[in-house]
Each structure stands twice: as structure tokens, then as C-alpha cells.
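What the coordinates show
Each chain, letter by letter, is given below.
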Amino acid sequence: MNYLFNTSILSSYLKEHKIPSFRLKQIQQAINKEAIIDIDEITTLSKDLRDQLKQDFVINDFKLKDKVEGPETTKFLFELADGKIIETVIMYHWHVKPEYEDDIKQRKILRSRTNHDISPETHKLNRITICISSQVWCAVWCIFCVTWKLWFKKNLPWQEIILQILYANNYIKQKFGKKEDGTRNRVRNVVFMGMGEPLLNYDEMVGSIKYMQDQHGLGLSKRHITISTSGVADKIKQLIDDKIDVRLALSLHAPNQELRAELIPMIARRWDIDELMETIDYYTKATGNRLFYEYIMIKDKTDSEDIWHQLWKLLKKRNAHVNLIPYNENPAMPDLETSEYDMIIAFKHTVESHWVTVTVRDTLWRDVKGACGQLWYEVIMKRRIEDMENEL
Ligand code: SAH
Ligand code: SF4
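If you're wondering where the values come from, they're calculated on a predicted model, not measured in any experiment. (Residues numbered from 1 in each chain as written. Chains lettered and ligands numbered in written order. Predicted model: local features only at pLDDT ≥ 70, side-chain atom pairs only at ≥ 80, totals over all residues. Heavy atoms only, no water.)

1. Details of the packing of aromatic side chains
One pass over the structure, following the stated rule, counts 14 aromatic pairs. Ring geometry for Phe5 and Trp158: centres 6.1 Å apart, planes at 75°, overall edge-to-face. Within this pair, whereas Phe5 is found in the loop between strand S1 (2-3) and helix H1 (7-16), its partner Trp158 is found in helix H5 (residues 158-176), the two being separated by 153 residues in sequence. An aromatic cluster is built from Phe62, Phe76, Phe78, Tyr167 and Tyr171, whose rings are joined through pairwise contacts. The side chain of Lys235 reaches across the aromatic face of Tyr202, ending 5.3 Å from its centre. (Phe/Tyr/Trp six-rings, centres within 6.5 Å; stacked < 30°, edge-to-face > 60°. Helix = DSSP H or I, 4+ residues; strand = E, 2+ residues; numbered from the N terminus. Lys NZ or Arg CZ within 6 Å of the ring centre and 35° of its normal.)

Listed below in C-alpha cells is the structure:
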């Protein structure tokens, strides 16, 4: 089966079957603008034409295995047509309505630093971000991440990367309906921060980005697409050569070679931190883009005072934006702990005082089983334990 949003295949099909070419625009409009993922719902096409297309095409062939809904996120577990599993997370960014700002601030202080209620009465949906997977699962062995513990299975083709967004837009349409002005909410930002290392699936990742940016595709702004990489330096260079103009986030996680090799052994041994930072400088010079540096906060590992100083020294002349990510504790790595909240804040203040912008990733990522792969990891482990118990 082909995907109906695969424009080159659909164009040839329409020509071959002598179907007028304006149908292509109608289909693109239905899928990308009206967020339709079922051919039967494209009512601008005749019933006969829909039936004909259904013989050779699908829009959605994902099965929803599980869904976890929180006020700020919806997490999907999808089963692909070949039976493999991926995770996708939609993140809702809410703004407090101006008339409630003082009230909410007060409630936040009283209850906890991070936990507060979100309701349509007090909050307004500001924008929606999607965190997509690029591989099933991952071949890079970062010691803090569950994704590689599931082992690498395959690279996602660009269509399965895009379908995560089409599915999400359809879900958002049903969840929120129309806005007051008659328009709809839809995904505005895309981050490649789900399962997998996107730069190790380079060609398909680029194919999906082209679809995201195409005006007849999803029409997303280049500033709203971010690739996150553990540091595949060769491919960062290739992004420049191929003029792939999106934002880049580097999962740095350590300011020196020794610590980086401990946390991200496979990548750090292949490209040491000096070579990586040279590549980053080359990238920022060539593109003018400001880089995001992701930095994981693991107690007694990445958060010591000595390390703070190494980090600002490394980044102070690099126009950097550092995002501190509290380590998401998970059952695969029982020895690692999240840094204390006060430590994270002290870390932030020190690095910031040296002209490096620092933000702390908030609860958004943590309320539905946190980091990428974690939900599925737990399902698999539970199943393995059940199988073992059945054998006993
Ligand atoms: N493979 C890419 C993108 C996917 S991972 C990369 O590594 O950048 C997305 C982000 O989640 C990365 O910054 C990664 O380091 C981080 N991450 C993975 N496991 C985590 C955990 N247990 N706690 C916090 N962040 C984690
Ligand atoms: Fe792969 Fe990224 Fe997880 Fe590392 S952090 S194992 S690169 S998904």
C-alpha cells in the first residue's frame, strides 16, 4: 500500500488513471490543512474516486496501542504496519489568562514549585509541539536513556515520520474542535526528540523535513523544526552542505571528554569533544543559527561545582542556549538519580552569570512517563517478567 500523502506516487497514479490533476490539490488540502487521515472522509472527492483510491492507498496505517493523557501532554504508543512500536508525544503549551496571573502565581507558591492546575477557565492554549521518533529504537548507548536498552530495530521511512504529525493533527482536531475565530489548533513546532538518533537516519529525516516545510505539505516554518542529536559530527557537517535549514539541539550533557565518554560512549569515542565543538563552530558560522545545548542533570555525575565552571568556560563565547534537563529516573538505570532542585537552580545561576542563556526543562516532559521510550520499556519489561513467570 502507498501513502496518499506521497505526492510523487500520487501524481503518477492520477496521470496513469487519467484523473484530473486538480484532485491532487484537493487531497493535499484535506490531509495537510483539514487533518483528515481516513480516505472516506475526503468528501471533496466522489465516492467512486474514494473507493478507487482505497484500493491502492492509505493515509494512516498506525494502530494506537496505548495513549496516556495529561493536562500538558498526550503520549501515543503506535504499532506500525510491520508490528514495530514507536512513541510520539504531543505537548500543549498553555498561557495563564492575564486576569488570573496573580492568582495562579500565588497558588503555585503555596502548593509546589512545579505542580499547578490547568483549566480552560484560567488558561488559554498557546501553541502545540510534537516530539517525534525517527528510529525504532536506537543504536546509541547513552547510559541514562531507555531507548537503546530496547535495541535498534529499524530506521523509519519519511512517511512514518510524517504520519506521526498527521495523526497528531487529527487527534488535536477532535480534542479541541474549532477556535473562536473558526480556525483550528494544529502542531506548530516539531522536535526530533523521541526515539532514535535522527542524524543516523539522515536521508529519511531530510525527506520528512522537506514535507514539513513544503507549502503544499505541512507548511511549517524552518524556525519551528528542531533536530536533536547526540553529536554525530559528520552529519552535522552534511546538514550545512545540503542546506537543511532547521534548528539544531546538541545533547552535550558533559563539558569534558572523560564524562561525555562515560555518558555517551559510542558517539564520544568516535568524535571527541574537541572535534565535536569544532564542527559546531563551523555549523554556527555557516548558518548563523544559535545552538541549543541539552544538558542532563544527574546527581553527583553531571552537577558538581567543578563541572559548572567547565561548562560556562566551554560555552561562553559560543552564543549558546543551555537547556538543563532534570534526569528522568527510570527502571532501566536504578543507580542514577535526578539532581536536587536547589542544585539545578544553583547550576543555572552560575552558568548564567557568564553570559550563557540557561533554561530548566519543566514538568511538561515528565507528567506522562517522562523521557522517550520509557512507557514502552515498562510494557516490554512487564511482558518479559510475565512470560518468565508463566514458564516457572
Ligand atoms: N537521539 C537524540 C534525540 C532523542 S533523545 C538525542 O540524543 O539528542 C531526546 C533528549 O532526551 C536527548 O537530549 C536525550 O539526551 C534526553 N534523554 C534521554 N533519556 C533521558 C532521561 N532518562 N532523562 C532525561 N533526558 C533524557
Ligand atoms: Fe539514542 Fe538519544 Fe537515547 Fe542516546 S539519548 S540512546 S542517542 S535516543
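2. Observations concerning the site of ligand 1
What surrounds ligand 1 is a group of 21 residues, the closest being Gly196, Ser228, Ser251, His253 and Asn328. Within the contact set of ligand 1, a nitrogen atom lies 2.9 Å away from a backbone nitrogen or oxygen of Gly196. One nitrogen or oxygen atom from the side chain of His253 is found 2.6 Å from an oxygen atom belonging to ligand 1. The fraction of the free accessible surface of ligand 1 (530 Å²) that becomes covered by protein chains is 94%. Class assignment for the residues of the shell around ligand 1 results in 10 nonpolar, 9 polar and 2 charged. (Near = heavy atom within 4 Å. Polar contact = N/O pair within 3.5 Å; in protein donor to acceptor, adjacent residues only side chain to side chain. Areas by Shrake-Rupley, 256 points an atom, 1.4 Å probe, with all protein chains shown as cover. Nonpolar A, V, L, I, M, F, W, Y, C, P; charged D, E, K, R; others polar.)

3. What to know about empty space enclosed by the protein
Evaluated as defined, the whole model comprises 2 cavities of 30 Å³ or more. By volume, the second largest cavity amounts to about 40 Å³. Considering every element that reaches the lining of the second largest cavity, the biggest residue donor is helix H2 (residues 22-33), with 3 residues. Residues that form the lining of the second largest cavity fall into these classes: 4 nonpolar, 5 polar and 1 charged. Counting residues domain by domain, the lining of the second largest cavity receives three or more from each of domain 1 (2-58) and domain 2 (62-220). (1 Å grid on protein atoms, 1.4 Å probe; cavity = no way out; pocket = protein on both sides within 12 Å on 5 of 7 lines; lining within 4 Å. Points joined across faces, edges and corners; volume = space filled by probe spheres on them. Domains from an automatic or database assignment.)

4. Brief notes about the site of ligand 2
Every residue close to ligand 2 is listed here: Cys138, Val140, Cys142, Cys145, Trp148, Gly196 and Ser230. Here the residues of the shell around ligand 2 are counted per class, giving 5 nonpolar, 2 polar and no charged.

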